[in-house]
Every structure is written in C-alpha cells, then in structure tokens.
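Breakdown of the fold
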Amino acid sequence: FVQSIEGRIVRKKYQLKTIIRKTNKADFKSWLTLKIKRLIPDTSLNLNVTFILIVLLVLSQLIAQNPTRGDSLLFEMSKQSLSLPSRLHQITGESRTL
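Report follows, based on the coordinates. (Residues numbered from 1 in each chain as written. Predicted model: local features only at pLDDT ≥ 70, side-chain atom pairs only at ≥ 80, totals over all residues. Heavy atoms only, no water.)

The helix and strand tally for the chain stands at 5 helices and 0 strands. From first element to last, N terminus to C terminus, the chain shows the α and β order α-α-α-α-α. The buried share of the chain, reckoned over its 98 residues, is 26%. Considering only contacts in the chain between residues 6 or more positions apart, those separated by 24 or more positions represent 57%. Accessible surface, the chain: about 7,200 Å² in total, of which carbon and sulfur atoms supply 58%. (Helix = DSSP H or I, 4+ residues; strand = E, 2+ residues; numbered from the N terminus. Buried < 20%, exposed > 50% of the residue type's maximum accessible area, 1.4 Å probe, protein only. Contact = heavy atoms within 4.5 Å. Areas by Shrake-Rupley, 256 points an atom, 1.4 Å probe, with all protein chains shown as cover.)

A word on the packing of helix α3 (residues 44-65) against helix α4 (residues 67-81). Orientation of α3 relative to α4, taken along the N-to-C sense of each, is 135°, at an axis distance of 5 Å. One element, α3, and the other, α4, form an angle in the oblique class. Here α3 contributes L59, L62, I63, A64 and Q65 to the contact with α4, which in turn contributes P67, R69, G70, L73, L74 and M77. Broken down by class, the residue content of the contact of α3 with α4 amounts to 8 nonpolar, 2 polar and 1 charged. (Axes fitted to C-alpha atoms, helices over the stretch in contact; angles between N-to-C directions. Parallel < 35°, antiparallel > 145°, perpendicular 65-115°, else oblique. Nonpolar A, V, L, I, M, F, W, Y, C, P; charged D, E, K, R; others polar.)

Looking at where K17 falls in the secondary structure, it is placed in helix α1 (residues 2-22). Filtering out sequence-adjacent residues up to four positions away, K17 remains in contact with I63, D71 and L74.

Moving on: α4. Relative to the 21 Å expected for 15 residues at 1.5 Å per residue, α4 spans 21 Å between its end C-alpha atoms, a close match to the ideal helical length. All of the buried residues in α4 are G70, L74, S78 and K79. (Expected span 1.5 Å × (residues − 1).)

Attention now moves to helix α2 (residues 25-36). With 12 residues, α2 extends 16 Å between its outermost C-alpha atoms, agreeing within 8% with the 16 Å of an ideal straight helix rising 1.5 Å per residue. Those residues of α2 not exposed but buried are F28, W31 and K35. Each buried residue of α2 lies within a common arc of 65° when the element is viewed along its axis, so the set occupies one face. Away from its buried face, by an angle of more than 90 degrees, α2 presents the exposed residues K29 and I36. Contact partners of the buried residues in α2: α3. (Arc of directions from axis to C-beta.)

Right, let's talk about the pattern of salt bridges for a bit. Any two side chains of opposite charge can pair if their charged atoms end up close together. As enumerated under the stated definition, the model contains 2 salt bridges in all. When the shortest N-O distance is used, the salt bridge between K17 and D71 registers 2.8 Å. Note that K17 is positioned in helix α1 and D71 in helix α4, a separation of 54 residues in sequence. Residue classification places D71 among the partly exposed residues on the basis of a relative accessible area of 24%. Among the salt bridges present, the one from K79 reaches E76, with a minimum N-O distance of 3.3 Å. (Salt bridge = Lys/Arg side-chain N within 4 Å of Asp/Glu carboxyl O.)

What follows is the structure, encoded as structure tokens:
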C-alpha cells in the first residue's frame, strides 16, 4: 500500500514537471498581449488563467535555477494533492511519514 502511494506521488510529480516544462515564456507573453489588446474579455476565469501562467513561469525558473529544490517542491505539491493521512501508522503498523 505504501509503495502504491509513493508511486502515485512520484507519477504526479513528473506530470507536474511536464506541465511546467511545456509552459514557456512565449505562452505567457502571448496571453498578456491578447489581454492588453483586450482581445480576451475580462472575467474572473481569465484572472485565474493569468495567475496560473505566472505560477508556472515562476516554477519553471525555480527548477532551472535549482533543480534539487524544484524537485523537492514538486514532490511536496504532489504529496499534498493526494488526500492521505500524514502518517500511515494505522495501516502499516509503522510510523512512516510520507
């Protein structure tokens, strides 16, 4: 069970890393250009997209500058995205923190 959960966390981490790598500065610049020219109407959904693009851009810069720290952050994000207890003590009988 623990190996299954750890496998899910690692798969999620690599999925996040792939999304971050595929998002580049050109995507962000294109989005901002369209927003500035008012070709995209102002809605709360568009603000969410802008925020997500900014976060992805910052994460990609973090991974490029410090890969170890970026991997640690992505691992923690992946772990938090799964709904799991912080300790699997009840299931495995051992006090193992994921």
